Amino acid sequence: FSVKDVPPPVAIPEVLKSLKVLGLGIAGLDFIANVDHFPQPDEKMRSTDFFVFGGGNCGNTLTCVRRLGIPCAIACKLGQDSNGDAITKELNQDGIDTEFCIRKPLLNSP
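Remember, predicted model here, so these are calculated numbers, not experimental data.

Criteria and thresholds
Residues numbered from 1 in each chain as written. Predicted model: local features only at pLDDT ≥ 70, side-chain atom pairs only at ≥ 80, totals over all residues. Heavy atoms only, no water. Core = buried A, V, L, I, M, F, W, Y, C linked by side-chain atoms within 4.5 Å. Buried < 20%, exposed > 50% of the residue type's maximum accessible area, 1.4 Å probe, protein only. Contact = heavy atoms within 4.5 Å. Helix = DSSP H or I, 4+ residues; strand = E, 2+ residues; numbered from the N terminus. Expected span 1.5 Å × (residues − 1). Arc of directions from axis to C-beta. Polar contact = N/O pair within 3.5 Å; in protein donor to acceptor, adjacent residues only side chain to side chain.

The biggest cluster of nonpolar side chains holds 15 residues, and the ones touching the most others in it are Ala27, Leu62, Ile74, Cys76, Ile87, Leu91 and Ile96. Every residue in contact with Ile87, bar those within four places of it in the chain, is listed here: Ala27, Gly28, Leu29, Leu78, Ser109 and Pro110.

Spelled out as structure tokens, the structure:
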């Protein structure tokens, strides 16, 4: 899957463009490992590929909303760690306002 595969945005009524959606919930990272086959119980195997994507119910939903052209922001709690940096960077690249995200130094980001 690639951003190039995303269809063009649909026409959004002007009244919705003047609103801003605020999402309250989880934004995280999904770690995806591809393997040759489904492992059996206790089987050890090596992955053939490894990917990290933005995830979390709220993060995914707001990404879709923003791709429809509707302004949005997220309020969530993240750690002051590399995962938190990656999450906010990807959300910001997608045009999602992260000013309401709380960053805590001793918290691990999802």
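Moving on to helix α3 (residues 82–93). Compared with an ideal rise of 1.5 Å per residue, which puts 12 residues at 16 Å, α3 spans 16 Å between its outermost C-alpha atoms and is within 8% of the ideal. Listed in full, the buried residues belonging to α3 are Gly84, Ile87, Thr88 and Leu91. Across the axial projection of α3, the buried residues extend over an arc of 90°, all falling on one side. In α3, those exposed residues whose orientation departs by more than 90 degrees from the buried face are Ser82, Lys89 and Gln93. Looking at the buried positions of α3, the neighbouring elements they touch are β2 (28–34), α2 (57–67), β4 (72–75), β5 (77–79) and β6 (102–104). Looking at the residues trailing α3, positive phi occurs at Gly95, about 90°.

A separate point is the side chain of Thr88. As for its placement among the helices and strands, Thr88 is situated in helix α3. Judged by its relative accessible area of 13%, Thr88 falls in the buried class. Reaching out from Thr88, the side chain makes a polar contact with the backbone oxygen of Asp85 at a distance of 3.1 Å.

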